[in-house]
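# What the coordinates show
Listed below, chain by chain, are the residues.
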Amino acid sequence: MVLLPRAAGEFIVKHAKHLKVNDAGIDKLTRTVIEGLRTGEISVDNFSQHEFHPKPDDAKCLDWLFLIDTLNFCFWTPGSATKWRVDGETGYFALCAAINRAKEAGVDITNPKYYSTLNVADLENLLRADDGETKAPLLPERVQCLQEVGGKLLEKFGGSFVNCVKESGRSAQRLLSLIVEEFPCFRDEAEFEGERVAIYKRAQILIGDIWACFRGKGLGEFTDIETLTMFADYRVPQVLVHFGALEYTDELMGRLKADEILANGSGQEVEIRGASIYIVEELKDRILAEIKEQKLEIPEKSVNSVLLDHFLWDYRRKHAAELEYIPFHKTLSVYY
C-alpha cells in the first residue's frame, strides 16, 4: 500500500526527526494568502498569462505541457557554477524557452515519434544555453525519461497525451493514478519509517498545469482538483521557513548551509518534502475555515493547493534576494 501525498505528508510530519512545523508561521502565511486572494494576486489566470505557456486553443497544448513536465526537474546549480540560461531565463522558464525555440524553428518537438528517438547529443543541442557552453543538468536522465514516456504514448495512447486526459473522465485522481502507473519516471515515491509514501511532484504539477492552462474548462476540467496537494520541490520550503511555518534542526540546517547533497529518498529529504505538503494542506484548510467564519467574499472554489503552490513558488522568485539567507536542499533526482 502507498500513502498518497496528503496522507503521506501527515505521516511524515508525525515521525519527523529533523524539522518541526509551527502553527504561528502557518497562521502568518494564511493571512498573507487571504490578502492575495482578495486582491486577485492569487488567481488561475496567472499561469495562462505567462508568455512561455501555450494557450488552450493550441492543438498541441496538452502535448507541450506533458513534454515540459516530463523534463521539469533538477535545475539547481552547484556552488558558484555558471547557471544554465536560455533567452536569459534560468530553471523551468529556460526549459520552456528552449522547447519553444525548437518549436519555432520547425522541430516537431511535441511529437513522441520525434523525442522518443533523441540521444544525449540531440537533447544537448535542443537545450543549448545562451553562452553556447553551459549544459542543462542530468542530460542522460532527461533522454531516458523522453524515451520512456514517448514509447508508452506511441504504444498505448495513440501518440498523444490528450488520450490519457480523456481516459481520466475529468478526475484528477484518476489521471494521477494513470500517470504514475504508465510512466515510471513520474512515480515519485519513497520508503519512510516502514511506509511507502508518495510525493508525486511532477505528476501532480502536470495535472495542475492542465487545469490552470485551460482555466478548469474543457480538457482542463477536473471535478476533484481540490484533492491535489502542492508540488514538493526544493524552492517552496525556503518560503515556508521564511514565514516560520517550517523549522529545521541545527543539524539539518548545517548540512543545507554546507551545500551537502541529500540523497533522494533519504530521511531528511523526505521530511522536507513531506512537511511542505502537510503545511500547504494545513494552509488550505485554515484559509477555507477563515472564509466561512469571517464570511469573506472569496469563492471557496478559488482555494486549492495548485494555486497555493503557484503563489509560494512565485513568491520565492519575486523575493529571491530576500530569501537568499535560507539554504535550499539539493538532491539529484528526476522527480523534482
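What counts, and at which threshold
- Residues numbered from 1 in each chain as written.
- Predicted model: local features only at pLDDT ≥ 70, side-chain atom pairs only at ≥ 80, totals over all residues.
- Heavy atoms only, no water.
- Helix = DSSP H or I, 4+ residues; strand = E, 2+ residues; numbered from the N terminus.
- Rg over C-alpha atoms; globule rule 2.2 N^0.38 Å.
- Buried < 20%, exposed > 50% of the residue type's maximum accessible area, 1.4 Å probe, protein only.
- Contact = heavy atoms within 4.5 Å.
- Areas by Shrake-Rupley, 256 points an atom, 1.4 Å probe, with all protein chains shown as cover.
- Lys, Arg positive; Asp, Glu negative; His and termini not counted.
- Charge placed at Lys NZ, Arg CZ, Asp CG, Glu CD.
- Expected span 1.5 Å × (residues − 1).
- Phe/Tyr/Trp six-rings, centres within 6.5 Å; stacked < 30°, edge-to-face > 60°.
- Core = buried A, V, L, I, M, F, W, Y, C linked by side-chain atoms within 4.5 Å.
- Axes fitted to C-alpha atoms, helices over the stretch in contact; angles between N-to-C directions.
- Left-handed = near helix turned anticlockwise from the far one by under 90°.
- Nonpolar A, V, L, I, M, F, W, Y, C, P; charged D, E, K, R; others polar.
- Pairing = 2+ DSSP bridges.
- Patch = residues over 30% accessible without salt bridge, like charges linked within 9 Å, V, L, I, M, F, W, Y side chains within 5 Å.
- Salt bridge = Lys/Arg side-chain N within 4 Å of Asp/Glu carboxyl O.

Within the protein chain one finds 15 helices and seven strands. Computed over the C-alpha atoms, the radius of gyration of the protein chain is 19 Å, within 12% of the 20 Å expected from 2.2 N^0.38 for a compact globule of 336 residues. Overall, the C-alpha framework of the protein chain stretches about 50 × 45 × 40 Å when taken along its three principal axes. Counting only residues that meet the buried cut, the protein chain has 56% of its 336 residues in that class. Within the protein chain, contacts between residues separated by at least 24 positions form 76% of all contacts whose residues are at least 6 apart in sequence. Total accessible area on the protein chain stands at roughly 14500 Å², and carbon and sulfur atoms take up 48% of it. Across the protein chain, 41 positive and 54 negative side-chain charges occur, with their mean positions spaced 2 Å apart.

Moving on: helix α14 (residues 267–293). Between its terminal C-alpha atoms α14 stretches 38 Å, which fits the 39 Å expected from 27 residues at 1.5 Å a residue. Just beyond α14, the residue with positive phi is Lys295, at close to 50 degrees.

Quick look at the packing of aromatic side chains now. Evaluation of the coordinates by the stated rule reveals 15 aromatic pairs. Each ring, one from Tyr92 and one from Trp313, has its centre 6.1 Å from the other, and the planes form 85 degrees; the classification is edge-to-face. Of this pair, Tyr92 sits in helix α5 (residues 91–104) while Trp313 sits in helix α15 (residues 305–318), and the two are 221 residues apart along the sequence. Residue classification places Tyr92 among the buried residues on the basis of a relative accessible area of 11%. For Trp313, a relative accessible area of 22% translates into the label partly exposed. On the numbers, 6.4 Å between centres and 65 degrees between planes, the contact of Phe183 with Phe186 is edge-to-face.

The tendency in soluble globular proteins is for nonpolar side chains to be buried as a group. Among the nonpolar cores identified, the biggest contains 123 residues, and Phe161, Leu175 and Ile210 are the most heavily contacted of them. Those residues in contact with Phe161 that lie beyond four places of it in its chain are Leu62, Asp63, Phe66, Leu153, Leu175, Ile179, Leu206 and Ile210.

Here we come to the packing of helix α4 (residues 61–71) against helix α8 (residues 139–156). The contact between α4 and α8 brings their axes to 9 Å, and the two run at 145 degrees. Crossing geometry of α4 relative to α8 is assigned as right-handed. Contacts from Phe66, Leu67, Thr70 and Leu71 of α4 reach α8 at Arg142, Cys145, Leu146, Val149 and Leu153. Grouping the constituent residues of the contact of α4 with α8 by class yields seven nonpolar, one polar and one charged.

Where strand β1 (residues 2–3) meets strand β6 (residues 195–198), two bridges bridge the pair, whose relative direction is parallel. For Val2, the partnering residue across the bridge sits in β6 and is Arg196. Across four bridges, strand β5 (residues 189–192) lies against β6 in antiparallel orientation. Looking at β6, one finds that Phe192 is bridged to Glu195. Here β5 folds back onto β6 in antiparallel fashion, the turn holding two residues, of which Glu193 has a positive phi close to 50 degrees.

Now for unusual backbone geometry. Although it is not a glycine, Asp87 sits at a positive phi angle of roughly 55 degrees. Relative to the elements of secondary structure, Asp87 occurs in the loop between β3 (85–86) and β4 (89–90). Positive phi values are uncommon outside glycine, yet Lys295 reaches one of about 50 degrees. Inspection of the secondary structure assignment puts Lys295 in the loop between α14 and α15.

Another point: a negative patch on the surface. Where like charges cluster on the molecular surface, the negative patch consists of Glu51, Asp87, Glu104, Asp130, Asp131 and Glu133. Summarising the element assignment, Asp130 is placed in the loop between α7 (120–126) and α8. Assessed through its relative accessible area of 45%, Asp130 is described here as partly exposed.

Purely geometric stuff here, so don't read any function into it on its own.
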